[in-house]
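Examination of the molecular architecture
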Amino acid sequence: MKKILKLAFTDFKLIFRDASLKSFLALPVVLFALIIWAAPPLIEKYDFLLPYLSLFLVVGVIENTQMFCFINTMVLIDEKESEVAKVYGVVPLSKLEYVFSRFLIPYLFTVLINVILLSVQSICELSVSSIIVISFLAALVVPVYALAINSVVQNRMQGMVYAKAFNMVVLIPIAAFFIPEKFRNLFGIFPTHWVFQTIDRATQNLSIVLFAGIGTVFFLALLWLVTRIFIRRHFV
């Protein structure tokens, strides 16, 4: 475990060696400003926004995950293009331990910024338990997103194309908020649907156990699948 933590911190320091990726550090700051200072006055001024309060949090939470989704995706692609991945393939850690170390800090950092965002926002009142569950669930987007893209792309250009496509897929379940409730779960084929609905139920003080549970199982199953594919293709 000590080796994994050491590699995790080392990788986290190196993750911003590409100066172009540092700009993504500003994304959470922008989102915090929008959710904390821009959204409340708009909601107070325009009554038609009241039925969609949870959507503000949905967008804030999911967009917070996009920082490390993109950064990790590009870093892994760069490793593959420069053939550094082959070196990682022979380090004294299993490939599974390498994947775990690579995403440990980005995952926990994403959890942290969403915990802070949901705790300080004034749009909806959420329980501490709901905030924690939502934050840990939503952060699973990071490894699934980055590993899935790196399982199929060969270079940075392909990665950019797939990243744009994945961004749209991640946001598609937002459409469920604009259709009759009985049809909402038709969007359940998208894993982020369960994150969005968990947030929506939490804002209504309804139980989130079922939706969060389905989302967790869905993401973990996807994570297992994309990790296996990634390991077979990344280190060759």
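Residues numbered from 1 in each chain as written. Predicted model: local features only at pLDDT ≥ 70, side-chain atom pairs only at ≥ 80, totals over all residues. Heavy atoms only, no water.

**Quick look at the overall build of the protein**
Selection rule: In DSSP terms, a helix is any run of H or I states spanning at least four residues, a strand is any run of E spanning at least two, and both are numbered starting from the N terminus. Burial here depends on accessible area, computed with a 1.4 Å probe over protein chains only, as a share of the maximum for the residue type. Under 20% is buried, over 50% is exposed, and the range in between is partly exposed. Pairs of residues are marked as contacts when any of their non-hydrogen atoms sit within 4.5 Å.
When helices and strands are tallied, the protein shows eleven helices and zero strands. Counted from the first residue to the last, the protein has its helices and strands arranged as α-α-α-α-α-α-α-α-α-α-α. Of all 236 residues assigned to the protein, the portion counted as buried reaches 49%. Here the analysis covers contacts within the protein between residues at least 6 apart in sequence; of these, 76% occur between residues at least 24 apart.

**Some remarks on the nonpolar core**
In summary, soluble globular proteins display a tendency toward joint burial of nonpolar side chains. This is how it is decided: To form a nonpolar core, buried Ala, Val, Leu, Ile, Met, Phe, Trp, Tyr and Cys residues must be joined to one another through side-chain atoms within 4.5 Å.
One finds Leu57 and Ile123 to be the most contacted residues of the largest nonpolar core, which totals 60 residues. Only helix 3 (26-45), helix 4 (53-81), helix 6 (95-120), helix 7 (128-138), helix 8 (141-150), helix 9 (156-171), helix 10 (191-203) and helix 11 (209-234) provide two or more residues apiece to this core. A per-element tally of this core places helix 4 first, with 15 residues. What Leu57 contacts, discounting residues up to four positions off in sequence, is Ile35, Leu118, Gln121, Ile123, Cys124, Leu126, Ile199 and Thr203.

**Side note on the pattern of salt bridges**
Note the cut-off: When a carboxyl oxygen of Asp or Glu lies within 4 Å of a side-chain nitrogen of Lys or Arg, that pair is called a salt bridge.
With the rule as written, the count across this model stands at one salt bridge. Residue Arg184 pairs with Asp200 through a salt bridge whose shortest N-O separation is 3.1 Å. With Arg184 in the loop between helix 9 and helix 10 and Asp200 in helix 10, this residue pair connects regions lying 16 residues apart in the sequence. Here Arg184 and Asp200 have matching classes, each one buried.

**A closer look at the layout of surface pockets**
Rule in force here: Using protein atoms alone on a 1 Å grid, points that fit a 1.4 Å probe yet trap it form a cavity, whereas open point sets bounded by protein on both sides within 12 Å along at least five of seven lines form a pocket; residues with an atom within 4 Å of a point count as lining. Grid points are joined across faces, edges and corners, and a volume is the space filled by probe spheres set on the points. Gly counts as polar in this scheme, as do all residues outside two lists: the nonpolar Ala, Val, Leu, Ile, Met, Phe, Trp, Tyr, Cys and Pro, and the charged Asp, Glu, Lys and Arg.
Approximately 280 Å³ is the volume found for the largest pocket. Around the largest pocket, the lining is made up of 14 residues, and of these Val99, Phe100, Phe103, Pro143 and Leu223 lie nearest the centre. Elements represented by at least two residues in the lining of the largest pocket include exactly helix 6, helix 8 and helix 11. Looking at which element gives the most residues to the lining of the largest pocket, the answer is helix 6, with six residues. Taken together, the residues of the lining of the largest pocket sort by class into twelve nonpolar, one polar and one charged.

**Quick word on the side chain of Ser130**
Counted only if it meets this: Polar contact is the term for a pair of N or O atoms within 3.5 Å; when the atoms are in protein, one must be able to donate a hydrogen and the other to accept it, and sequence-neighboring residues count only if both atoms are side-chain atoms.
Following the sequence through the fold, Ser130 ends up in helix 7. Of note is the side chain of Ser130, whose polar atom sits 2.9 Å from the side chain of Ser127.

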